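Structure assessment
Here is how the chains run, residue by residue.
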Amino acid sequence: MTTKAPSRKPAVPKQALAAKIFHWINLGSLLAMMGSGLQIYNANPVFGGREGFHFPDFLIVGGWLAGGRHWHFFFMWLFGLNLLWYGIYILVTRRWQNRYVGKNDLEALQKGKNPKRRNYALHRLVYTSMFPILLMALFTGLGMYKPVQFGWIVELFGSWQALRTVHFLTVPLALGLMAVHSLLALQVGQWKLVRSIFA
Amino acid sequence: MSDFIRLGRRQLITAGGMSLLLSACGRGPIQSLAEQKLYELSDPLNRSFEQLLFSPQRLAPEFRRDQIEQEALLINTAEDITPSIDPERYRLKVGGLVNRPASFTLAELKKMPYRSEIVRHVCVEGWAAIVQWGGLPLVELLKGVEPKPEARYVFLRSAEGLRSDSGQLYGFYETWDMPSCVHPQTLLAYEKNFKPLPADNGAPIRLASPVKLGYKQIKWVTDIMLLAALPEQIGYWVDFGYEWYGGL
């Protein structure tokens, strides 16, 4: 009679290929749009007009205003269409039902005692909140790109300056969430989890 | 035609202003190439999308008189020299693919239908200003000269210019698609904020429209020519690298 304890290696997290592709394109296009967005911003800063605060060259994508716009409008399609097919994908595969923050996560955050469970719930809250911010960036961007055809978007924000400000604010918000998302992913599933979404 | 387009694009690229501008922008050749490729890949999609959304009859939002932003309209010109045009001697020439080519004095233009609109002027740099424009709807002028059916584009030339190394002044020019030209809010404006148009803003006649970015709205218009196809040079800023359609 031999009793061998089964090796208790934690399971390697697995991600669907579609989720990996989405993640890569999302990250790449988002960074390209941020850099080229700052190039456009610098032409006439949102805060302070022409004499306002300018971002330094090393953060900027695109050699000049027209170049920055070419980057921005190229990656706009990549980013927008990527988000669209991912939306369809989570609907069709019903991932929306269990992959994102839910009532049970919010309860765990309020009353939960298990630190792992709480951490997990917080992580789901953070990455779920990425979607409204990305959609807001697209929505306000569409309003600035086509203020005649989508005049109601400009009206919704009250003024052109308010629309520009909100569009700009999606950048620090998305960057902040990206940082927290990465840190929490490390805490929840260590390097293995982070690697699983990319490779 | 040759009178309108004196330079080939290659000659223009060698013009002093271009090299100066590019070196000031610090664009490396690889970066330039990458930007050109991105533009070539995405512009057809952008343009189709913009043309799909564009409706020649849908009006841009208009505003109340108290919403005009007097100071917000900045002045961007290619040359720092403001053309000074004697309004008495000014003539607007209209030709190309039309049955009745004509030349108009300022007084004649002012006798034609007038439209006033308070609209948002949006600059490619990102700023915008609510401004009143008053003038002759371009569509009314076009009706008068009877465009031929094959006319699909409008070429406009300005008295403004770009100075080459040798000091020669080349005209500032722009081309528009016909649906944007016949949009009811596209004006040949001679009035800004209910006052006569100032020289800095393009007096005596400038193009003004809420459906195109600012760089498409050329000032000091002297010639209008209807064309069947786009010429080699399609616009002052466009030939520098900005997108041609520039719709809003």
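Parameters and conventions
- Residues numbered from 1 in each chain as written.
- Chains lettered and ligands numbered in written order.
- Predicted model: local features only at pLDDT ≥ 70, side-chain atom pairs only at ≥ 80, totals over all residues.
- Heavy atoms only, no water.
- UniProt positions renumbered as here; feature names shortened; annotations may be inferred.
- Contact = heavy atoms within 4.5 Å.
- Buried area = accessible area lost by both parts, 1.4 Å probe.
- Polar contact = N/O pair within 3.5 Å; in protein donor to acceptor, adjacent residues only side chain to side chain.
- Helix = DSSP H or I, 4+ residues; strand = E, 2+ residues; numbered from the N terminus.
- Nonpolar A, V, L, I, M, F, W, Y, C, P; charged D, E, K, R; others polar.
- Core = buried A, V, L, I, M, F, W, Y, C linked by side-chain atoms within 4.5 Å.
- Buried < 20%, exposed > 50% of the residue type's maximum accessible area, 1.4 Å probe, protein only.
- Domains from an automatic or database assignment.
- Salt bridge = Lys/Arg side-chain N within 4 Å of Asp/Glu carboxyl O.
- 1 Å grid on protein atoms, 1.4 Å probe; cavity = no way out; pocket = protein on both sides within 12 Å on 5 of 7 lines; lining within 4 Å.
- Points joined across faces, edges and corners; volume = space filled by probe spheres on them.

In the nomenclature of an unreviewed UniProt entry, chain B corresponds to Oxidoreductase molybdopterin binding protein from the organism Gloeobacter kilaueensis.

The name given to chain A in an unreviewed UniProt entry is Thiosulfate reductase cytochrome B subunit (Membrane anchoring protein), and the organism recorded there is Gloeobacter kilaueensis. Under Subcellular location (unreviewed entry), UniProt gives the following word-for-word description of chain A: "Cell membrane".

Quick notes on the interface of chain A and chain B
Taken together, the contact between chain A and chain B spans 28 residues of the former and 37 residues of the latter. For the pair chain A and chain B, the summed buried area comes to about 3100 Å², and 62% of that belongs to carbon and sulfur atoms. If you sort the residues of chain A by the area they bury against chain B, W64, H70 and Q149 of chain A come out on top, with a joint share of 24%. Our count for the chain A to chain B interface comes out at 14 residue pairs in polar contact (both at pLDDT 80 or more). At the level of secondary structure, the elements contributing two or more residues to the side of chain A that touches chain B comprise helix 1 (17-43), helix 2 (65-92), helix 4 (115-145), helix 5 (151-157) and helix 6 (160-198) of chain A. With 10 residues, helix 2 of chain A is the single largest residue contributor to the side of chain A that touches chain B. Here the residues of the side of chain A that touches chain B sort into 17 nonpolar, 7 polar and 4 charged.

Notes on the nonpolar core
If you look at the biggest cluster of nonpolar residues, it comprises 68 residues, and the most contacted ones within it are L92, W133, L141, L188 and I224 of chain B. The biggest single contributor to this core is strand 4 (residues 128-137) of chain B, with 5 residues. The next biggest cluster of nonpolar side chains, apart from the first, holds 28 residues, and it includes A18, F75, Y89 and I133 of chain A.

What to know about the domain arrangement of chain A
Residue and element names in this part refer to chain A. Per the domain assignment, the segments making up chain A are domain 1 (16-45 + 57-98) and domain 2 (100-199). Computed from C-alpha atoms alone, the centre-to-centre distance between domain 1 and domain 2 is 14 Å. Both sides of the domain 1 and domain 2 interface together cover about 1900 Å² of buried area, and 73% of this is carbon and sulfur. Summed over the three residues of domain 1 that lose the most area to domain 2, namely K20, H23 and M34, the buried surface amounts to 27% of that side. Inspection of the region where domain 1 meets domain 2 yields 0 salt bridges. For the pair domain 1 and domain 2, the number of links is 5 residue pairs in polar contact (both at pLDDT 80 or more). Every element with two or more residues in the side of domain 1 that touches domain 2 is listed here: helix 1 and helix 2. For the side of domain 1 that touches domain 2, the leading source of residues is helix 1, giving 12 residues.

Focus: empty space enclosed by the protein
Under the counting rule described, the total for this entry stands at 2 cavities of 30 Å³ or more. The space that makes up the largest cavity amounts to roughly 60 Å³. The residue makeup of the lining of the largest cavity, split by class, is 7 nonpolar, no polar and 1 charged.

What about the pattern of salt bridges?
It is possible for side chains bearing opposite charge to pair when their charged atoms get close. Residue and element names in this part refer to chain A. Evaluation of the coordinates by the stated rule reveals 16 salt bridges over all chains. When the shortest N-O distance is used, the salt bridge between R117 and D105 registers 3.1 Å. Residue R117 is found in helix 4, and its partner D105 is found in helix 3 (residues 103-111); the two are separated by 12 residues along the sequence. Residue classification places R117 among the partly exposed residues on the basis of a relative accessible area of 28%. The exposure class of D105 is buried, given its relative accessible area of 1%.

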